[in-house]
Every structure is written in structure tokens, then in C-alpha cells.
Amino acid sequence: MKLETERLILKEINESHVEDILKIRSNPYINQFVKRTSPQNNYEALDFILTIKRNTENGETIYLGISYKDQQNLIGTICLWNFSEDKKVAEVGYELLPEYHKQGIMSEALKSVLNYGFKELNLQEIVACTHSANENSKRLLLKHDFILEEDKKDEDFPEGIIFTLTKRVFIKE
């Protein structure tokens with residue numbers, strides 16, 4: 001699967017992206033806002049890629065690398081995952097190397113993935129969980145009409161806050 005925007009290509013990751021995935025998923029700035037075990041070497045990054053490929057083939061996730069159209073290297077990732085049993089709700093996750101922040105890149109990628117999720121997958125709701133201190137992420141979600149769900153909490157991520165976007169709001173029916 002591949003999505004294109006004005007400047008970007010969102011594409012499935014593969015074994016050729018090991019060094020990019022290592023760079024993204026081990027970045028200290030990004031990791032201050034997420035709860036995960038970061039890869040320490042190329043082998044661990046490859047293991048992550050193989051897991052993502054397996055989960056994609058099983059229909060458990062849609063995980064895409066973000067790159068500029070004229071470049072091969074990945075500068076970030078975006079995914080739809082944690083689908084509800086009836087496939088009507090999914091969670092969006094994203095990360096972008098800090099040197100590419102504040103350029104509208106993630107906004108462009110998110111818009112494309114939201115469009116795909118609502119129009120192609122017929123999702124009814126997309127959820128986003130972000131760190132309460134991640135101001136860039138909160139602004140991004142609010143810009144795309146996500147609503148902060150102040151009464152919802154993530155038991156596994158106490159620092160997280162939850163946002164939701166419904167198809168009805170996205171499509172503006």
C-alpha cells in the first residue's frame with residue numbers, strides 16, 4: 001500500500017529501511033513522549049520491521065514510512081492499529097524526526113491517513129493517544145478536529161491523553 005500527498009510518499013516499510021527505523025525509533029526526543037522499548041541496533045530494528053510486516057499481512061495494522069517524494073530515506077512513520085473487533089475504530093500513531101518538525105509534514109501525512117481510514121476502511125472513529133506534555137502532537141490533533149476526551153484514561157500510559165475524531169466530523173456531513 002502507498003499513499004501520496006503533495007510532498008510526501010507514505011509507503012510500507014521493509015528490510016531496506018533498517019537504519020531509518022533505528023534512527024527514528026531510538027531518537028531521544030521522540031522517545032520522551034512514548035512508552036516503548038527502543039531498538040538498540042540494526043538487528044532489533046529489523047526485528048521490529050519483520051513484526052510490523054507480519055501484523056500488516058494479518059490485517060492488524062497499517063504501518064507506513066514517511067518520506068519526501070524525491071528521497072528514499074524515511075523521516076517518520078504513521079500507522080493505524082489497535083482496531084476494534086468490528087473494524088469500526090482504530091488508533092492512529094505517528095512519529096517524525098525532530099529536524100522535520102514544524103514544516104507541516106505530519107499534518108499532511110495525517111490528513112492522508114485519516115482520509116484513507118474513513119473513506120477506504122470505513123472507520124467510524126479514529127483515536128489518538130499522546131503524551132500530555134507533547135504540545136506539538138496536541139496541536140496537530142486539534143488542528144485536524146480531534147476532540148480531547150478528558151474523561152478517558154489509558155491504564156497502560158498514565159501520562160497519556162486521549163483524543164477522538166469521528167467520521168461524521170471528518171466528512172462534515
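Let us look at the structure shown here. (Residues numbered from 1 in each chain as written. Predicted model: local features only at pLDDT ≥ 70, side-chain atom pairs only at ≥ 80, totals over all residues. Heavy atoms only, no water.)

### Section: helix H1 (residues 18-25)
Selection rule: Note on classification: 1.4 Å probe, protein chains only; a residue is buried when its accessible area is under 20% of the maximum for its type, exposed when over 50%, partly exposed between these limits. Starting at the N terminus, helices and strands are each numbered in turn, a helix being any DSSP run of H or I of at least four residues and a strand any DSSP run of E of at least two. By definition in these notes, contact holds between two residues if any of their heavy atoms fall within 4.5 Å.
Counting buried positions along H1 yields 6 of 8 residues, so the element is predominantly enclosed. Listed in full, the buried residues belonging to H1 are Val 18, Asp 20, Ile 21, Leu 22, Ile 24 and Arg 25. The elements touched by buried residues of H1 are helix H2 (28-31), helix H3 (42-57), strand E3 (62-68), strand E4 (76-81) and strand E5 (89-96).

### Some details on the packing of aromatic side chains
The description of an aromatic ring pair uses the distance of the two centres, along with the angle that the planes make with each other. This is how the line gets drawn: Within 6.5 Å between ring centres, the rings of Phe, Tyr and Trp (the latter by its six-membered ring) count as paired, and their orientation is classed by plane angle as stacked under 30 degrees, edge-to-face over 60, tilted in between. The criterion is that NZ of a Lys, or CZ of an Arg, lies within 6 Å of the ring centre and within 35 degrees of the ring normal, and then a charge sits over that ring.
Scanning the model with the defined rule gives 4 aromatic pairs in all. When the centroid spacing of 5.6 Å and the interplanar angle of 75 degrees are considered together, the rings of Phe 48 and Tyr 63 count as edge-to-face. Of this pair, Phe 48 sits in helix H3 while Tyr 63 sits in strand E3; the two residues are 15 residues apart in sequence, bridging distant segments of the chain. Accessibility assignment for this pair places Phe 48 and Tyr 63 in one class, buried. Here the guanidinium or amino end of Arg 25 rests over the ring plane of Phe 48, the centre of that ring lying 3.8 Å away. For the cation-ring pair, Lys 87 lies above Phe 83, with the distance from its terminal atom to the ring centre recorded as 4.8 Å.

### So, the pairing of E3
Here is the rule: Strand pairing requires that DSSP identify at least two bridges connecting the strands.
Counting buried positions along E3 yields 7 of 7 residues, so the element is predominantly enclosed. Here E3 shows two buried faces, one formed by Ile 62, Leu 64, Ile 66 and Tyr 68 and the other by Tyr 63, Gly 65 and Ser 67. As paired strands, strand E2 (residues 8-12) and E3 are joined by 5 bridges and run antiparallel to one another. When the sheet's bridge partners are listed, Glu 12 is paired in E3 with Leu 64. As judged from the 5 bridges shared by E3 and E4, these two strands associate in the antiparallel manner. Directly across from Gly 65, in E4, lies its bridge partner Thr 77.

### Some words on the pattern of salt bridges
Our working definition: By definition here, a salt bridge exists when the distance from a side-chain nitrogen of Lys or Arg to a carboxyl oxygen of Asp or Glu is within 4 Å.
Following the criterion strictly, the structure yields 7 salt bridges and no others. With its nearest N and O atoms 2.8 Å apart, the salt bridge here joins Arg 7 to Glu 108. Of this pair, Arg 7 sits in the loop between strand E1 (2-4) and E2 while Glu 108 sits in helix H4 (residues 105-120), and the two are 101 residues apart along the sequence. By relative accessible area, Arg 7 is classed as partly exposed at 29%. Looking at Glu 108, the relative accessible area reads 18%, which means it is buried.

### Focus on the packing of H1 against H3
Short version of the rule: In this analysis an axis means a line fitted to C-alpha atoms, helices contributing only their contacting stretch, and an angle means the value between N-to-C directions, from 0 to 180 degrees. Roughly parallel means an angle under 35 degrees; roughly antiparallel, over 145; roughly perpendicular, 65 to 115; everything else is oblique. Think of it as three bins: nonpolar holds Ala, Val, Leu, Ile, Met, Phe, Trp, Tyr, Cys and Pro, charged holds Asp, Glu, Lys and Arg, and polar takes everything else, Gly as well.
Packing of H1 against H3 leaves a shortest axis separation of 8 Å and a crossing angle of 100 degrees. Between H1 and H3, the crossing angle belongs to the class labelled roughly perpendicular. For the pair H1 and H3, contact is made by Val 18, Glu 19, Ile 21, Leu 22 and Arg 25 and by Asn 42, Ala 45, Leu 46, Phe 48 and Ile 49, respectively. In terms of residue class, the contact of H1 with H3 is built from 7 nonpolar, 1 polar and 2 charged.

### Things to note about the sheet that holds E4
With mixed pairing, the 8 strands of this open sheet are ordered in space as E1-E2-E3-E4-E5-E6-E8-E7. Sheet topology places E1 and strand E7 (147-148) at the edges, where each strand pairs with a single neighbour. Across the face of the sheet, H1 comes into contact with E3, E4 and E5 while running at roughly 85 degrees to E4. Contacts between H4 and the sheet are confined to E1, E2, E3, E4, E5, strand E6 (125-131) and strand E8 (160-166), with E4 contributing the most and set at about 25 degrees to the helix.

### Overview of the packing of H4 against helix H5 (residues 135-143)
Each packed pair of helices is defined by two parameters, the angle between the axes and the distance between the axes. Stated formally: By convention, the crossing between two helices is left-handed when the near helix turns anticlockwise from the far helix through less than a right angle, and right-handed when the turn is clockwise.
Two elements in contact, H4 and H5, have axes whose closest approach is 11 Å; the angle formed by their N-to-C orientations is 45 degrees. On the basis of their axis angle, the class for H4 and H5 is oblique. The chirality of how H4 crosses H5 is right-handed. Where H4 abuts H5, its residues Met 106, Ser 107 and Leu 110 lie against Leu 140, Leu 141 and Lys 143. Among the residues forming the contact of H4 with H5, the class breakdown is 4 nonpolar, 1 polar and 1 charged.

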